[in-house]
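Summary of structural features
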Amino acid sequence: MQQPPPYVPAGGAPPPAAMVTKVELSVSCEGLRDADVFSKSDPICVLFSLDGNRKHEIGRTERIDDTLNPKFQKQIVIDYHFEEVQKLEFAVFDIDENTNNINQGDFLGKMECTLGQIVSASNFKKPLDYNGKAYGTISVQCQEQGGLQKSVNMTLRGVKLDKKDWFDKLIRSKWLGLQILASLVVSATLACYPSASYYVLPLYIALLLLHLTKLGKSDPFLEFHRQLIDGSYALAHRTEFIKNTLNPSWKPMDINTRRLCDNNPDTTVKVL
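This section reports on the structure supplied with the text. (Residues numbered from 1 in each chain as written. Predicted model: local features only at pLDDT ≥ 70, side-chain atom pairs only at ≥ 80, totals over all residues. Heavy atoms only, no water.)

**Structural notes on the pairing of strand β11 (residues 233-238)**
Across the six residues of β11, five count as buried, placing the element largely inside the fold. When strand β10 (residues 223-227) meets β11, the two strands line up antiparallel, connected through five bridges. In the sheet register, F224 faces β11, and the bridge partner there is H237. Here β10 folds back onto β11, and the loop between the two strands holds five residues, one of which, G231, carries a positive phi near 95 degrees. (Buried < 20%, exposed > 50% of the residue type's maximum accessible area, 1.4 Å probe, protein only. Helix = DSSP H or I, 4+ residues; strand = E, 2+ residues; numbered from the N terminus. Pairing = 2+ DSSP bridges.)

**Notes on the layout of surface pockets**
By volume, the second largest pocket is sized at about 420 Å³. Together, 19 residues line the second largest pocket, and C142, Q143, L228, I229 and D262 are the ones closest to its centre. When residues of the lining of the second largest pocket are traced back to their parent elements, those giving at least two are β1 (20-30), α1 (115-120), β8 (133-144) and β10. Of the residues forming the lining of the second largest pocket, the biggest block, four residues, is contributed by β8. Each residue belonging to the lining of the second largest pocket can be placed in one class, and the counts come to nine nonpolar, seven polar and three charged. (1 Å grid on protein atoms, 1.4 Å probe; cavity = no way out; pocket = protein on both sides within 12 Å on 5 of 7 lines; lining within 4 Å. Points joined across faces, edges and corners; volume = space filled by probe spheres on them. Nonpolar A, V, L, I, M, F, W, Y, C, P; charged D, E, K, R; others polar.)

**Observations regarding the environment of D262**
Structurally, the position occupied by D262 is in the loop between α5 (257-261) and β13 (269-271). Taking the C-alpha atoms as reference points, D262 and Q227, separated by 35 residues in sequence, lie 9.7 Å from one another. Among the polar contacts listed, one links the side chain of D262 to the side chain of Q143, at a separation of 3.4 Å. (Polar contact = N/O pair within 3.5 Å; in protein donor to acceptor, adjacent residues only side chain to side chain.)

Take a look at the structure:
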């Protein structure tokens, strides 16, 4: 049977042998392992391509402090090759703020899949594998890069926001471990040298009260989430954190409408 001729577009040129387009991947996690002692993990997600026994880093998200349910704002850009199996690994690590070396961090879990699985789903979600056991989940959303490059400009501020519970903030603070250690040192010092109470104890109380006053107000920020086809939401933009205020004024924002609403003005956007 004679095969039909290949499709030729209006321009006259035959289609390319391999179709490639760039896509942007947004990543979020839930229920991560807590690798820190006195606070929560500081997770970062790294994307690798898998080729047999070899791994190649494609990109990574930003690191987020003190959370087991991160919603990463930085997207990872990757080439999507049509009709080609592209094996990927998403690995999550807890790293300190003074290093970008994942080998010095704590491994929190990984997920393997193909790029085709992500592209075909509006919200691809799987458990994270931690040493052979499921520990937390990871969700990946895909958006094709390109199209209209429009943006929306906003300047927002808040007035008389709710005050964050200072005790909860204290528990989540990285200073909690130092406060416990300082309490033990002060107690041991006073036990050995009771006369030191005249200057050691007042100094410790003053430093503790100073820290507690800094915990008395919120650190507000805003998140914009776009609605996906399945009704779930994906992070589109996050403002900066403003420390210790109930009346924040955020910097002017210039948000890409393709990322915010896929250039569809009727798309629901949730602001948190």
